[in-house]
Amino acid sequence: MSKLMNRTSTATVDAKIATSANSSWCGGGGNIPDGVASFQDEIVVAENIAISNVTVTLKNLEHTWVGDLIAQLRHVETGIVVDLFRRPGQPQFSSSGYSNDLNGDYSFNDNFSRSFDSVAASHAVIPSGNYCATQTLSVFEGRSSAGTWQLIINDCSAGDSGSLESWTLNLA
């Protein structure tokens, strides 16, 4: 019996173990319906890590009249919804919000210090960059990463259109 054991080969198996390291997932893109509905896309996360940090990046987001839009991140299983931005410039500037345009990549994380609304107020085209979300993403801290994550972009007023190339969800 010992001779059989000595001749037995071993195999190495790579296994993915959930840790607190950064993990990224990519979502899709598409057109943002003009004032009638919302763009929605989902990322399903199988890994079960305790969340300590969330970053959402909207890649190649284009839209005229940023004041029309509400962008949200939702974790379906918990029902938690966080506004990344909500109709910048409304109501303090006007009932329609700022007329400035989006044309770039926009990342949202609680550790970023730039206010999306403030930058939107002072630029005809809101520059790509890192911004703090309108509502804190820290509500996800300590929760499981597993489940369905939705990006929802509502166009609340007709007359201006836009699109999103893709989005990424980074969880640590």
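Data block above holds the structure.
Read on for an overview of the structure. This one's a predicted model, so the numbers in the text were calculated from it and none came from an experiment.

## Quick notes on the overall build of the protein chain
Here's step 1: Across its full length, the protein chain carries two helices and 12 strands.
Here's step 2: Along the protein chain, from the amino end to the carboxyl end, the secondary structure elements read α-β-β-β-β-β-β-β-α-β-β-β-β-β.
Here's step 3: Counting across all 172 residues of the protein chain, residues that qualify as buried make up 41%.
Here's step 4: Residue pairs in contact within the protein chain that sit at least 24 positions apart in sequence constitute 73% of those at least 6 positions apart.
Here's step 5: With an accessible surface of roughly 8900 Å², the protein chain has 48% of that area assigned to carbon and sulfur atoms.

## Focus: the pattern of salt bridges
Here's step 1: The tally for this structure, following the rule as stated, stands at one salt bridge.
Here's step 2: The shortest N-O distance in the salt bridge between Arg86 and Asp83 comes to 2.6 Å.

## With respect to unusual backbone geometry
Here's step 1: The backbone phi angle of Trp65 is positive, close to 70 degrees, even though this residue is not glycine.
Here's step 2: By the secondary structure assignment, Trp65 is in the loop between strand 4 (54–63) and strand 5 (69–75).
Here's step 3: A relative accessible area of 28% places Trp65 in the partly exposed class.
Here's step 4: For Arg87, which is not glycine, the phi torsion reads 40 degrees and is therefore positive.
Here's step 5: Secondary-structure assignment places Arg87 in the loop between strand 6 (80–86) and strand 7 (101–108).
Here's step 6: Residue classification places Arg87 among the buried positions, given a relative accessible area of 13%.

## As for the pairing of strand 3 (residues 38–45)
Looking along a regular strand, one sees side chains alternate from face to face of the sheet.
Here's step 1: What you see with strand 3 is a clean split: Phe39, Asp41, Ile43 and Val45 sit on the buried side and Ser38, Gln40, Glu42 and Val44 on the side with no burial.
Here's step 2: The pairing of strand 3 with strand 10 (residues 147–155) spans eight bridges and is antiparallel. Paired with Val44 across the bridge in strand 10 is Thr148.

## Re the nonpolar core
Here's step 1: Phe85, Trp167 and Leu169 are the most contacted members of the largest nonpolar core, which has 38 residues in total.
Here's step 2: Contributions of two or more residues to this core are made by strand 3, strand 4, strand 5, strand 6, strand 7, helix 2 (116–122), strand 10 and strand 12 (166–171).

## With respect to the packing of aromatic side chains
Here's step 1: The tally for this structure, following the rule as stated, stands at eight aromatic pairs.
Here's step 2: Judged by centre distance (6.0 Å) and plane angle (35 degrees), the ring pair of Phe85 and Phe108 falls under tilted. In this pair, Phe85 sits in strand 6 while Phe108 sits in strand 7, placing the two residues 23 residues apart along the sequence. Here Phe85 matches Phe108 in class, with each residue buried.

Definitions and cut-offs
- Residues numbered from 1 in each chain as written.
- Predicted model: local features only at pLDDT ≥ 70, side-chain atom pairs only at ≥ 80, totals over all residues.
- Heavy atoms only, no water.
- Helix = DSSP H or I, 4+ residues; strand = E, 2+ residues; numbered from the N terminus.
- Buried < 20%, exposed > 50% of the residue type's maximum accessible area, 1.4 Å probe, protein only.
- Contact = heavy atoms within 4.5 Å.
- Areas by Shrake-Rupley, 256 points an atom, 1.4 Å probe, with all protein chains shown as cover.
- Salt bridge = Lys/Arg side-chain N within 4 Å of Asp/Glu carboxyl O.
- Pairing = 2+ DSSP bridges.
- Core = buried A, V, L, I, M, F, W, Y, C linked by side-chain atoms within 4.5 Å.
- Phe/Tyr/Trp six-rings, centres within 6.5 Å; stacked < 30°, edge-to-face > 60°.

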